[in-house]
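Each chain, written out:
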Amino acid sequence: MDKWLRNTNVVRVVALVIGILLWVVVHMEETNISGSSPIREREETINNVSITTKYDNTHYYLSTLEPANVQVLIKGKESAVKKVTASNTYQIQLDLTQVGKGDHQLMLTPVGFPTDVDVTIVPRTVHVVIEELQMKEVPIVINVKGTPSEGLKAGQPIIKPAKVYITAPTSQLDRIENVRGEVSVDKAQSAVTKQVRLQAYDKEGKELTQNINLNPSVVDVEVPITSPFQTIPLQLKISGEPPKGYAVAMVTQTPDKVTVYGTQDVVDRLEFYQGPQLSLQDLTETKDFTQDIPLRNKVTQVDPAKVTVHVEIVPSVTRAIENVPITIIGGNENYVTKVVQPETGNLNITVEGAPAIIDQLKVQDIQAILDVSNLPPGKHELKVTMNLPTYVKLAVPQEVKASVEISEKTKAP
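Residues numbered from 1 in each chain as written. Predicted model: local features only at pLDDT ≥ 70, side-chain atom pairs only at ≥ 80, totals over all residues. Heavy atoms only, no water.

Draft legend 1. Representation of the overall build of the protein in the model. Each helix and strand counted, the protein has six helices and 34 strands in total. By the compact-globule yardstick of 22 Å for 413 residues, the protein is too spread out, its C-alpha radius of gyration being 52 Å. Referenced to the eigenvectors of the C-alpha coordinate spread, the extents of the protein come out at roughly 190 × 55 × 45 Å. By residue count, 31% of the 413 residues in the protein fall in the buried class. For the protein, the proportion of contacts with a sequence separation of at least 24, taken over those separated by at least 6, is 71%. (Helix = DSSP H or I, 4+ residues; strand = E, 2+ residues; numbered from the N terminus. Rg over C-alpha atoms; globule rule 2.2 N^0.38 Å. Buried < 20%, exposed > 50% of the residue type's maximum accessible area, 1.4 Å probe, protein only. Contact = heavy atoms within 4.5 Å.)

This is the structure in structure tokens:
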């Protein structure tokens, strides 16, 4: 080995070989470095990039955003540009957190891009209109569809909860007329209970769906299914009267109206409902009565089923009423009918009743009637029918009579 190293020619050959190898290695590294090109720049265009908005959507509504998409130009090192286009972490952001309601022209902000790329947004500004969200209470309308089973009728829907609140932009809120839902009662035989989804409508009946929040959006609805019914006055039948020295001052009833149920033809022909009969015979003190209301004339149900009657009894007073005119009914047009007894054609009577009623009594409140229907000419003594106000009676129970004379009319010569 030492011989080789001492040989000048051998050393020269070895040095030449080593030099060639170093040149090759250096040349290959330069080739590799130029192939990776880390210092090369690149431009890229990204179209239709949507704008990400940031604002308080509990109090405001973004009604206008123009344009909604923009073009993004990025420039930088090729590796950085490739990293942007290969990921979705970047955003074009519109920060409205410090902007109130109104019409604005605002700058866009690039977010999430590497720091070593230049970002250009086209256009850089956008036009926005921000509206304030408001709330109002709106009535609920439940449309009842279909027909129940024969002989039955759908009642007024019961809605729980009864109130609905709508939150919407100011421009939209004024358009809302009501909130509606729908329940079908077709062929129903009993009450229909259903959860109903609500929807807002404008004054023209058009459904409004966008940018509207209903609270609640679903309500519980019950539609009663009953027989046809109507509410009419309750009429009591009063019979008898207190003994002498006592009078009825007042009779009040609770209720004074009832709801009656039955077939449609039965309900339609009722103007009032005849309740129970109440006897005041020999009553000498104020008293309350509670009685069942009977079912009559094919009525299937009466609501309420009982009536309470308050009868106020007071000591009676008497009063003389003079010159009560006698009224003749049933006269023949070919005859003249004249009262001959009493000669004046008027009666003097004494009445009895409660002080408050008797004090207000007038002659015009009393009728004395003579019925001469089908009587022949001549003199006749007849019973006078006395029509007295309620709870007023004759002081002395008796038959009041009067005499009439019927004669032919004198014919003209």
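Draft legend 2. Broad picture of the side chain of His380. On the secondary structure map, His380 appears in strand 31 (residues 378–383). Among the polar contacts made by the side chain of His380, one reaches the main-chain carbonyl oxygen of Pro376 at a distance of 2.8 Å. Apart from the residues lying within four places of it in its own chain, the contact partners of His380 are Leu375, Ala402, Ser403, Val404 and Ile406. (Polar contact = N/O pair within 3.5 Å; in protein donor to acceptor, adjacent residues only side chain to side chain.)

Draft legend 3. Seen up close, the pattern of salt bridges. For the structure on display, the rule yields eight salt bridges. One salt bridge connects Arg42 with Glu44, and the closest N-O pair in it is separated by 3.3 Å. With relative accessibility at 24%, the residue Glu44 sits in the partly exposed group. The closest approach of N and O atoms between Lys401 and Glu399, which form a salt bridge, is 3.6 Å. With relative accessibility at 48%, the residue Glu399 sits in the partly exposed group. Beyond isolated ion pairs, a larger network of salt bridges with shared partners links Arg42, Glu44 and Glu78. (Salt bridge = Lys/Arg side-chain N within 4 Å of Asp/Glu carboxyl O.)

Draft legend 4. Quick look at the sheet that holds strand 30 (residues 367–371). On the basis of which strands lie adjacent, the open sheet formed by five strands has the order 32-30-27-29-33 and mixed pairing. The outermost strands of the open sheet, each flanked by one partner alone, are strand 32 (385–387) and strand 33 (393–394). For strand 30 and strand 32, the ladder comprises three bridges, and the chain directions are antiparallel. Directly across from Ala368, in strand 32, lies its bridge partner Met386. (Pairing = 2+ DSSP bridges.)

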